[in-house]
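Overview (structure and organization)
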Amino acid sequence: MRALVVFAPDEPGEPDWADAHSIAEIEELVRAGRTVAVTPAALAGDGSEAAELAAASVCAWAGARVFRTTRPAQVRLAVEMTESLAGRRPPELTRRGLA
């Protein structure tokens, strides 16, 4: 499994990354074994931070590994949380709920 990459939209990407513009396209490229790059703001629609973070999380759940964003810290946090929830990354901190 490839590591997550989060970077600014104006930075150059790797030539072997496949750009995706929909969830169906992400899933198809992941099944083909490609490293998928997405721009969550373009998928979010309204341009709000919440919509961009939600789009990044859904893309991560579908298998995207590369994220172009103007909010790298927030998107990385959302994507890492999604990876933990999906069971592909151990949580950073675990606690048992003992009373």
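As a reminder, the structure under discussion sits directly above these lines.
All of these numbers come straight from a predicted model, not from anything done at the bench. (Residues numbered from 1 in each chain as written. Predicted model: local features only at pLDDT ≥ 70, side-chain atom pairs only at ≥ 80, totals over all residues. Heavy atoms only, no water.)

Considering the overall build of the protein chain
- Within the protein chain, the secondary structure is distributed over four helices and four strands.
- Start at the N end of the protein chain and walk to the C end: the helices and strands fall as β-β-α-β-α-α-β-α.
- The C-alpha radius of gyration of the protein chain comes to 14 Å, within 12% of the 13 Å expected for a compact globule of 99 residues.
- The dimensions of the protein chain, computed from C-alpha atoms along their principal axes, are 50 × 30 × 25 Å.
- For the protein chain, with 99 residues in total, the buried portion stands at 34%.
- Put simply, of all contacts in the protein chain between residues at least 6 apart along the chain, 49% involve residues at least 24 apart.
- Accessible surface, the protein chain as shown: approximately 6,200 Å² in total, 55% of it carbon and sulfur.
- Mean positive and mean negative side-chain charge positions of the protein chain (11 and 14 charges, respectively) differ by 9 Å. (Helix = DSSP H or I, 4+ residues; strand = E, 2+ residues; numbered from the N terminus. Rg over C-alpha atoms; globule rule 2.2 N^0.38 Å. Buried < 20%, exposed > 50% of the residue type's maximum accessible area, 1.4 Å probe, protein only. Contact = heavy atoms within 4.5 Å. Areas by Shrake-Rupley, 256 points an atom, 1.4 Å probe, with all protein chains shown as cover. Lys, Arg positive; Asp, Glu negative; His and termini not counted. Charge placed at Lys NZ, Arg CZ, Asp CG, Glu CD.)

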